[in-house]
Amino acid sequence: MMETHIYKVSKDISESEYGYIKKAAEVIRSGGLVAFPTETVYGLGGDALNPESSRRIYAAKGRPSDNPLIVHISDFDEIYPLVCEVPDAARILAEKFWPGPLTMIFKKSSAVPYETTGGLDTVAIRLPDSRPALALIKEAGVPIAAPSANRSGKPSPTTAEHVAEDLAGRIDIILDGGAVRIGIESTIIDLTGEVPVILRPGYVNQEMLNEILGSVERDPAIDRKTEGDIKPKAPGMMYRHYAPEGELTIVEGEDKAAADKINELLRLYDEDEVGVIASIENKDRYNYGTVVCLGSADDKDAVAHNLYAALRKMDECKIKHIFIESFSNEGLGDAIMNRIKKAAGHRILKV
Ligand code: TXA
Ligand code: MG
């Protein structure tokens, strides 16, 4: 076990806070690991060009090393040494969505070690919309490889406390920038083929991408239930993910009918071992077990923002059987339902 230092860094970054960023940048440059806030979720950062740093990231997370890391940059031009070519689509997307919650896949240059790309000839790159993150990358002077800063399989961390729960004693520094803005991971789009393909849905949704690029496809593996036939192009989408320790079941149906069903299911168990993750519209219908509210079903930003904290809350309360309401697939709902379905292992009950 090592000592993990936690430093608070606000969005405006005061002078003393900038000192912490410099310290963290030095740790990155010397091969150490720093967790930092982005607008999506917290990342676990290391020098993307140092194979030893990437190995340490996998070890700290307990993550299979064939699951590639996203490389974070602080300025568009930092992309050039990392890739073979920059397609026009990338420039157009960057213009519109960077800094922001969009990750693009390119053919990698020889500067990026295979340890960082999980053995692939492609590299995922993102320019995050977070001042502490951008300052850290700039000060480090190297691109920063960063997966979500959770132990492998757990929900991604949306606060520094979540990071500490999972990684304290395993990494050098946690930069605490408070709760993140969005709460679910970036959209991933593959630009290495003829047609751009979405590999992971996120805040930047398919409609927004279609509008800019004409037409984009969606990796069919995203919506697949089992790990059989088609392999997802984003290896990380293959693993059990975002999951709480308890068994999570989605109950899908009209508001009242779904709530009635959940109430019936809750009572099959002891009150201290069941829980519901509910919308504000429904939460008062439940009066048994632990109830965690995500916000209004019509406010997708709130639902995305609160989802992972809700899953972690259930673990904290040691809930064995968790029921969650279903949300519409529209807009950000696509990414929300993708994460909920993965967390539930696609256990869905229709009423
Ligand atoms: O919002 C985010 O993207 C956060 C923050 C920290 O930036 N990062 C994040 O990283 O979610 P991670 O490692 O938890 O998820 C990265 C996903 C994995 O599913 C991985 O398989 C996929 O990106 N990926 C990375 N490089 C890839 C590549 N070259 N080709 C295909 N998929 C790739
Ligand atoms: Mg992750």
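In this text the structure is predicted, and so the values were computed from the model without any measurement.

Caption draft 1: Summary view of helix 3 (residues 88–97). The set of residues buried in helix 3 consists of A89, A90, L93, A94 and F97. Buried residues of helix 3, seen end-on, are gathered within an arc of 130 degrees and therefore sit on one face of the element. Facing away from the buried side of helix 3 by over 90 degrees, the exposed positions are D88, E95 and K96. Check the buried side of helix 3 and you find it contacts strand 5 (102–107), strand 9 (187–190) and helix 6 (206–213).

Caption draft 2: Broad picture of the sheet that holds strand 15 (residues 321–325). The strand order across the open sheet formed by five strands is 14-13-15-12-16, and the pairing between neighbours is parallel. The sheet is open, and its two borders are formed by strand 14 (290–293) and strand 16 (348–350), each paired with just one other strand. For this sheet, the mean angle separating the axes of adjacent strands, direction not counted, is 25 degrees. Against the sheet, helix 8 (residues 300–316) engages strand 12 (247–252), strand 13 (274–278), strand 14 and strand 15, with an angle of about 170 degrees to strand 13.

Caption draft 3: Representation of the nonpolar core. Membership of the largest hydrophobic core comes to 46 residues, with the highest contact counts inside it found for W98 and M104. Take this core: its biggest share by element is five residues, from helix 3.

Caption draft 4: Fine view of the packing of aromatic side chains. Per the stated rule, a full pass over the model turns up three aromatic pairs. For the pair Y7 and Y20, a centre-to-centre distance of 4.4 Å together with 5 degrees between the ring planes defines the contact as stacked. Of the two residues, Y7 is situated in strand 1 (residues 5–8) and Y20 in helix 1 (residues 15–29); the sequence distance between them amounts to 13 residues. Exposure remark for Y7: the relative accessible area of 12% places this residue in the buried category. Assessed through its relative accessible area of 29%, Y20 is described here as partly exposed. Seen from their ring centres, F76 and Y80 are 6.0 Å apart, and the 80 degrees between their planes marks the pair as edge-to-face. According to the relative accessible area criterion, Y80 is partly exposed, its value standing at 39%. Ring pairs connect the aromatic residues F76, Y80 and W98, which therefore count as one cluster. A cation over an aromatic ring shows up here: K108 above the ring of Y114, its NZ or CZ 4.2 Å from the ring centre.

What counts and what doesn't
Residues numbered from 1 in each chain as written. Chains lettered and ligands numbered in written order. Predicted model: local features only at pLDDT ≥ 70, side-chain atom pairs only at ≥ 80, totals over all residues. Heavy atoms only, no water. Buried < 20%, exposed > 50% of the residue type's maximum accessible area, 1.4 Å probe, protein only. Helix = DSSP H or I, 4+ residues; strand = E, 2+ residues; numbered from the N terminus. Arc of directions from axis to C-beta. Contact = heavy atoms within 4.5 Å. Pairing = 2+ DSSP bridges. Axes fitted to C-alpha atoms, helices over the stretch in contact; angles between N-to-C directions. Core = buried A, V, L, I, M, F, W, Y, C linked by side-chain atoms within 4.5 Å. Phe/Tyr/Trp six-rings, centres within 6.5 Å; stacked < 30°, edge-to-face > 60°. Lys NZ or Arg CZ within 6 Å of the ring centre and 35° of its normal.

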